[in-house]
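Structure assessment
Residues per chain, in single letters:
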Amino acid sequence: MSPETAIPVKSPAGADRTDRSRARARAARRHKLLVHGARVLLLVALIGLWEVLARAAVIDPFNFSMPSRIWNQISQWALNGTPQGSLWEQIWYTLYEALLGWVIGVVGGVVLGIALGRIRFLADVLGPYIKVLNALPRIVLAPIFLIWFGLGPASKVASAVVLVFFPVFFNAFQGAREVDRNLVANSRILGASNRQVTLQVVIPSATSWIFTSLHVSFGFALIGAIVGEYIGATKGLGLLVSASQGTFNAAGVYAAMVILAVVALLAEGLLAFLERRLFRWKPADAGDGR
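Structural notes, computed from the coordinates. All values reported here derive from a predicted model rather than from experimental measurement. (Residues numbered from 1 in each chain as written. Predicted model: local features only at pLDDT ≥ 70, side-chain atom pairs only at ≥ 80, totals over all residues. Heavy atoms only, no water.)

**Quick word on the packing of aromatic side chains**
What the rule picks out here adds up to 10 aromatic pairs. For the pair Trp50 and Tyr254, a centre-to-centre distance of 5.4 Å together with 75 degrees between the ring planes defines the contact as edge-to-face. Taken together, the residues Trp50 in helix α1 (residues 12-55) and Tyr254 in helix α11 (residues 250-278) connect sequence positions 204 residues apart. We classify Tyr254 as partly exposed; its relative accessible area is 23%. Pairing Trp92 with Tyr96 gives two aromatic rings, centres 6.1 Å apart and planes at 40 degrees, and the pair type is tilted. Taken as a pair, Trp92 and Tyr96 lie in helix α4 (residues 87-118) at a separation of 4 residues, close to a single helical turn. (Phe/Tyr/Trp six-rings, centres within 6.5 Å; stacked < 30°, edge-to-face > 60°. Helix = DSSP H or I, 4+ residues; strand = E, 2+ residues; numbered from the N terminus. Buried < 20%, exposed > 50% of the residue type's maximum accessible area, 1.4 Å probe, protein only.)

What follows is the structure in structure tokens.
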């Protein structure tokens, strides 16, 4: 056989590495399926136990309701609407307030966090005031915002902003302070200006810190919107909770909470997807694939 027609043969070492990689991938898939299956089984078991205990009157179904009643309440709202209007309108109203407050809080937290992390004088001047504001119980500001901005969405957006701002700010601030000083020094040696160092070195290095806070902050935005609606609103899921509580409708309270949980999980999944897309360059954890 001539050299031109020789069939390439994979080396034993290369074949062994390929087999190990395939085995790790299969093990990772099996582990993922096992985890998802265990989660579903746990949820089904908890819901079934709740239903059985409520029907047997071990727990008071009037106060604790039961999953079947909660499902019926959600179905009734979805098909026939709520006293305040369509269920989808209430969901969108709350989601709009939370999203707007989240975006404003994230942008403000990132900009101010990076600025104070980069400018020592600014951090020394504003640091004590930010610590004092962070120490305040921010939920109690919701009634004040209601007085300032009325029953419309502005008061709920303000509540969401103050809850989102601080976790994002502190993560951005810490991320800016934790940048590798060698990278900054090398950039300056190469002639980078302060603006270029901030945009091309500091912000990319702090991105993982910022994304860590984003996972938590959207839940805070939802809390701010719901608390504001609960205190006073014309629409929204928080108003559904308040109205259900006022009529001693436990199923309505739990139904609104279930809807909120679904919205929060979908938002968390979207953030996790975006994080994976943005940080594809990061190596996998050391424990992965074992």
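Now that the structure has been shown, we can carry on.
**Overview of the side chain of Ser65**
Summarising the element assignment, Ser65 is placed in the loop between α2 (61-64) and α3 (67-80). If we ignore the near neighbours within four places in the chain, the residues touching Ser65 are Trp50, Ala54, Asp60, Ile70, Ala250, Ala251 and Tyr254. (Contact = heavy atoms within 4.5 Å.)

**Re the nonpolar core**
Inside soluble globular proteins, nonpolar side chains tend to come together where they are buried. If you look at the biggest cluster of nonpolar residues, it comprises 35 residues, and the most contacted ones within it are Trp77, Leu87, Trp102, Leu214 and Leu237. Of all the secondary structure elements, the ones that give two or more residues to this core are α3, α4, α7 (153-177), α9 (194-231), α10 (237-246) and α11. Counting 7 residues, the second largest nonpolar core, distinct from the first, contains Leu116, Phe166, Phe169 and Phe173. (Core = buried A, V, L, I, M, F, W, Y, C linked by side-chain atoms within 4.5 Å.)

**Points about the environment of Glu275**
Of note, Glu275 is situated in helix α11. Among residues more than four places away in sequence, those in contact with Glu275 are Phe211 and His215.

**A few points about α4**
Its 32 residues give α4 an end-to-end C-alpha distance of 46 Å, which sits within 8% of 46 Å, the value for a rise of 1.5 Å per residue. Sitting at the amino-terminal end of α4 is Ser86, which places a side-chain oxygen 3.2 Å from the backbone nitrogen of Trp88. (Expected span 1.5 Å × (residues − 1). Polar contact = N/O pair within 3.5 Å; in protein donor to acceptor, adjacent residues only side chain to side chain.)

**So, the packing of α4 against α7**
The contact between α4 and α7 brings their axes to 6 Å, and the two run at 30 degrees. α7 is crossed by α4, and the crossing has right-handed handedness. Classifying every residue of the contact of α4 with α7 by side-chain character gives 21 nonpolar, 6 polar and 3 charged. (Axes fitted to C-alpha atoms, helices over the stretch in contact; angles between N-to-C directions. Left-handed = near helix turned anticlockwise from the far one by under 90°. Nonpolar A, V, L, I, M, F, W, Y, C, P; charged D, E, K, R; others polar.)

**Observations regarding a nonpolar patch on the surface**
On the surface, a cluster of nonpolar side chains totalling about 450 Å² of accessible area is made up of Trp92, Tyr96, Leu99, Leu100 and Ile104. Look at Tyr96 and you get partly exposed, because its relative accessible area is 36%. (Patch = residues over 30% accessible without salt bridge, like charges linked within 9 Å, V, L, I, M, F, W, Y side chains within 5 Å. Areas by Shrake-Rupley, 256 points an atom, 1.4 Å probe, with all protein chains shown as cover. Salt bridge = Lys/Arg side-chain N within 4 Å of Asp/Glu carboxyl O.)

**Let's talk about α3**
Here α3 contains 14 residues, and its C-alpha end-to-end distance of 20 Å stays within 8% of the 20 Å for a straight helix at 1.5 Å per residue. Taken as a whole, α3 has its buried residues at Pro67, Ile70, Gln73, Ile74 and Trp77. Along the axis of α3, the buried positions cluster into a sector of 125 degrees, meaning they face one direction only. Facing away from the buried side of α3 by over 90 degrees, the exposed positions are Trp71, Leu79 and Asn80. Immediately beyond the C-terminal end of α3, within one or two residues, lies Gly81, with a positive phi of roughly 85 degrees. (Arc of directions from axis to C-beta.)

**Examining empty space enclosed by the protein**
For the structure shown, the criterion picks out 1 cavity of 30 Å³ or more. Empty space within the largest cavity amounts to approximately 30 Å³. What lines the largest cavity is Arg138, Ile139, Ala142, Ser159, Val162, Leu163, Gly224 and Val227. When contributions to the lining of the largest cavity are tallied by element, the ones reaching two or more residues are α7 and α9. (1 Å grid on protein atoms, 1.4 Å probe; cavity = no way out; pocket = protein on both sides within 12 Å on 5 of 7 lines; lining within 4 Å. Points joined across faces, edges and corners; volume = space filled by probe spheres on them.)

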